[in-house]
Amino acid sequence: EAGVAQSPRYKIIEKRQSVAFWCNPISGHATLYWYQQILGQGPKLLIQFQNNGVVDDSQLPKDRFSAERLKGVDSTLKIQPAKLEDSAVYLCASRAGTSGGTDTQYFGPGTRLTVL
Amino acid sequence: GEDVEQSLFLSVREGDSSVINCTYTDSSSTYLYWYKQEPGAGLQLLTYIFSNMDMKQDQRLTVLLNKKDKHLSLRIADTQTGDSAIYFCAERQPSGTYKYIFGTGTRLKVLA
């Protein structure tokens with residue numbers, strides 16, 4: 001079974017530029033998460049999708065971050081314009097959407113963003 | 001509150017046992033998880049425990065849950081150099097949204 005794919009793996013941009021990240025979840029997984037992981041911290045949820053609908057985006061800085069999951073499969077996360085404090089690893093995770101403890105998240109390798 | 005706290009560092013000798021601790025604040029969380037993160041990689045699920053259990057063993061891993069004190073621990077027996085990584089505990093919120101709150105992570109260093 002293929003895992004969660006993310007691209008690019010690394011991105012360096014200057015502040016005020018725009019950037020987009022792409023995630024392809026595990027086939028058939030209904031739920032998709034985007035997390036921001038700042039160096040030395042645990043992942044912080046930015047947005048959660050159930051199929052193509054948003055379940056939770058309470059911690060997404062909506063003035064500069066946007067995300068979509070068209071057709072309920074792939075997802076893109078965009079930052080426009082980027083700030084220095086956006087430097088972090090952006091993790092995508094997916095979950096099948098059944099029940100029980102084994103129905104947990106599977107993470108992609110992440111995209112490391114550096115904003116100069 | 002939603003804070004999940006862990007100590008930042010742990011150093012052990014190869015072959016010894018490692019114990020990584022976690023405290024959480026939401027007593028109604030249903031499942032608690034341990035993840036491992038190696039450099040440049042995403043998080044890998046190690047094990048989980050349901051909130052009505054107090055212990056779970058899985059090969060070299062033992063999870064202990066004290067719901068009264070909201071304390072979770074992960075014991076790794078016979079720690080190997082390949083166990084060097086950052087370990088995160090996480091709690092799954094009880095609502096139907098399947099939201100996960102992660103701890104700050106414990107960096108485990110195994111000395112040969």
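**Some details on the pattern of salt bridges**
- Applying the stated criterion across every chain, the model contains 5 salt bridges over all chains.
- Across the pair A:Lys62 and A:Asp57 runs a salt bridge, and its minimum N-O distance is 3.7 Å.
- By relative accessible area, which is 26% here, A:Asp57 ends up partly exposed.
- Across the pair B:Lys68 and B:Asp69 runs a salt bridge, and its minimum N-O distance is 3.7 Å.

**Let's talk about the pairing of strand β7 (residues 61-66) of chain B**
Residues and elements named next belong to chain B.
- One ladder, built from 4 bridges, connects strand β6 (residues 55-58) with β7; its direction is antiparallel. Residue Asp58 lies in a different strand from β7, and its bridge partner there is Leu61.
- Hairpin connection of β6 to β7: 2 residues between the antiparallel strands, including Gln59 at a positive phi of 55°.
- Pairing between β7 and strand β8 (residues 71-76): 6 bridges, direction antiparallel. Residue pairing across strands places Asn66 opposite His71, the latter belonging to β8.
- Two successive antiparallel strands, β7 and β8, enclose a turn made up of 4 residues, where Lys70 displays a positive phi of approximately 55°.

**Points about the environment of B:Gln6**
All names here are of chain B.
- Positionally, Gln6 belongs in strand β1 (residues 4-6).
- Along the chain, Gln6 and Ile20 lie 14 residues apart, while their C-alpha atoms are 7.9 Å from each other.
- Filtering out sequence-adjacent residues up to four positions away, Gln6 remains in contact with Ile20, Asn21, Cys22, Trp34, Tyr87, Phe88, Cys89, Gly103, Thr104, Gly105 and Thr106.
- Of the polar contacts made by the side chain of Gln6, one reaches the backbone nitrogen of Gly105; its length is 3.1 Å.

**Quick notes on the packing of aromatic side chains**
- Enumeration according to the criterion identifies 15 aromatic pairs over all chains in this entry.
- Relative to B:Tyr33, the ring of B:Tyr31 has its centre 6.4 Å away and its plane inclined at 35°; by these criteria the two rings are tilted.
- Judged by its relative accessible area of 12%, B:Tyr31 is buried.
- Note on B:Tyr33: relative accessible area 0%, which makes it buried.
- In textbook terms, an aromatic cluster arises when at least three aromatic residues are bridged by ring pairs, as seen for A:Tyr33, A:Tyr35, A:Phe107, B:Tyr31, B:Tyr33, B:Tyr35, B:Tyr48, B:Phe50, B:Tyr100 and B:Phe102.
- Above the plane of the ring of B:Tyr98 lies A:Arg95, whose end atom (NZ or CZ) is 3.7 Å from the centre.
- Sitting above the plane of the B:Tyr48 ring, B:Lys56 keeps its charged end 3.7 Å from the centroid.

Calculation rules
Residues numbered from 1 in each chain as written. Chains lettered and ligands numbered in written order. Predicted model: local features only at pLDDT ≥ 70, side-chain atom pairs only at ≥ 80, totals over all residues. Heavy atoms only, no water. Salt bridge = Lys/Arg side-chain N within 4 Å of Asp/Glu carboxyl O. Buried < 20%, exposed > 50% of the residue type's maximum accessible area, 1.4 Å probe, protein only. Pairing = 2+ DSSP bridges. Helix = DSSP H or I, 4+ residues; strand = E, 2+ residues; numbered from the N terminus. Contact = heavy atoms within 4.5 Å. Polar contact = N/O pair within 3.5 Å; in protein donor to acceptor, adjacent residues only side chain to side chain. Phe/Tyr/Trp six-rings, centres within 6.5 Å; stacked < 30°, edge-to-face > 60°. Lys NZ or Arg CZ within 6 Å of the ring centre and 35° of its normal.

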